[in-house]
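Residues per chain, in single letters:
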Amino acid sequence: MQCHYCDRDAAYAAEKDGIKVGLCEEHFRERLEELAESDELAALREQIDVDRTE
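Cut-off values and rules
- Residues numbered from 1 in each chain as written.
- Predicted model: local features only at pLDDT ≥ 70, side-chain atom pairs only at ≥ 80, totals over all residues.
- Heavy atoms only, no water.
- pLDDT = per-residue confidence, 0-100.
- Helix = DSSP H or I, 4+ residues; strand = E, 2+ residues; numbered from the N terminus.
- Salt bridge = Lys/Arg side-chain N within 4 Å of Asp/Glu carboxyl O.
- Buried < 20%, exposed > 50% of the residue type's maximum accessible area, 1.4 Å probe, protein only.
- Phe/Tyr/Trp six-rings, centres within 6.5 Å; stacked < 30°, edge-to-face > 60°.
- Pairing = 2+ DSSP bridges.

> Teacher, can you tell me more about the confidence of the model for the protein chain here?
Any residue range with low pLDDT should be treated as having predicted coordinates unsuitable for detailed reading. Model confidence for the protein chain is summarised by a mean pLDDT of 88, while 91% of its residues fall at 70 or above. Taken element by element, the predicted model of the protein chain shows its lowest mean pLDDT in helix α2 (residues 39-48) (83) and its highest in strand β2 (residues 19-23) (96).

Here it is in structure tokens:
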């Protein structure tokens, strides 16, 4: 499988509803950084209270 963004071999793959997408190491890290900085992730952290020590 090739990366969704370039011609390199995919190091990671995800599948949902029968659709499979691969990412090379570089693009996987880029997407992960984007997600880590996203408002959606911040909102999810607030919802599940990941800092809770209980």
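> How do you make sense of the pattern of salt bridges when you look at a structure like this?
In the structure shown here, the tally under the stated rule is three salt bridges. One salt bridge in this structure joins Arg8 and Glu26, with 2.9 Å as the shortest N-O distance. In this pair, Arg8 sits in the segment before β1 (12-16) while Glu26 sits in helix α1 (residues 25-36), placing the two residues 18 residues apart along the sequence. Look at Glu26 and you get partly exposed, because its relative accessible area is 39%. Residue Arg29 pairs with Glu25 through a salt bridge whose shortest N-O separation is 3.0 Å. One end of the pair, Arg29, and the other, Glu25, are both in helix α1, four residues apart, so they sit about a helical turn from each other.

> Is there a simple way to think about unusual backbone geometry in this case?
Leave glycine aside and you will find that most residues have negative phi; peptide bonds, for their part, are mostly trans. Positive phi is not limited to glycine here, since Asp17 has a value of about 55°. As for its position among the elements, Asp17 is in the loop between β1 and β2.

> Explain the packing of aromatic side chains to me, please; I cannot follow it from the model alone.
Aromatic rings considered in pairs are described by the distance between their centres and by the relative angle of their planes. One pass over the full model with this rule turns up one aromatic pair. On the basis of an interplanar angle of 25° and a centroid distance of 4.0 Å, the ring pair of Tyr12 and Phe28 is categorised as stacked. Within this pair, whereas Tyr12 is found in strand β1, its partner Phe28 is found in helix α1, the two being separated by 16 residues in sequence. With relative accessibility at 34%, the residue Tyr12 sits in the partly exposed group.

> I keep staring at the pairing of β1 and nothing clicks. Help me out?
In the case of a regular strand, side chains alternate between the two sheet surfaces. Across five bridges, the pairing between β1 and β2 is antiparallel. Following the sheet pairing, Tyr12 is matched in β2 by Leu23. Turn length for the β1-β2 hairpin, with the two strands adjacent in sequence and antiparallel, is two residues, and the turn residue Asp17 shows positive phi of about 55°.

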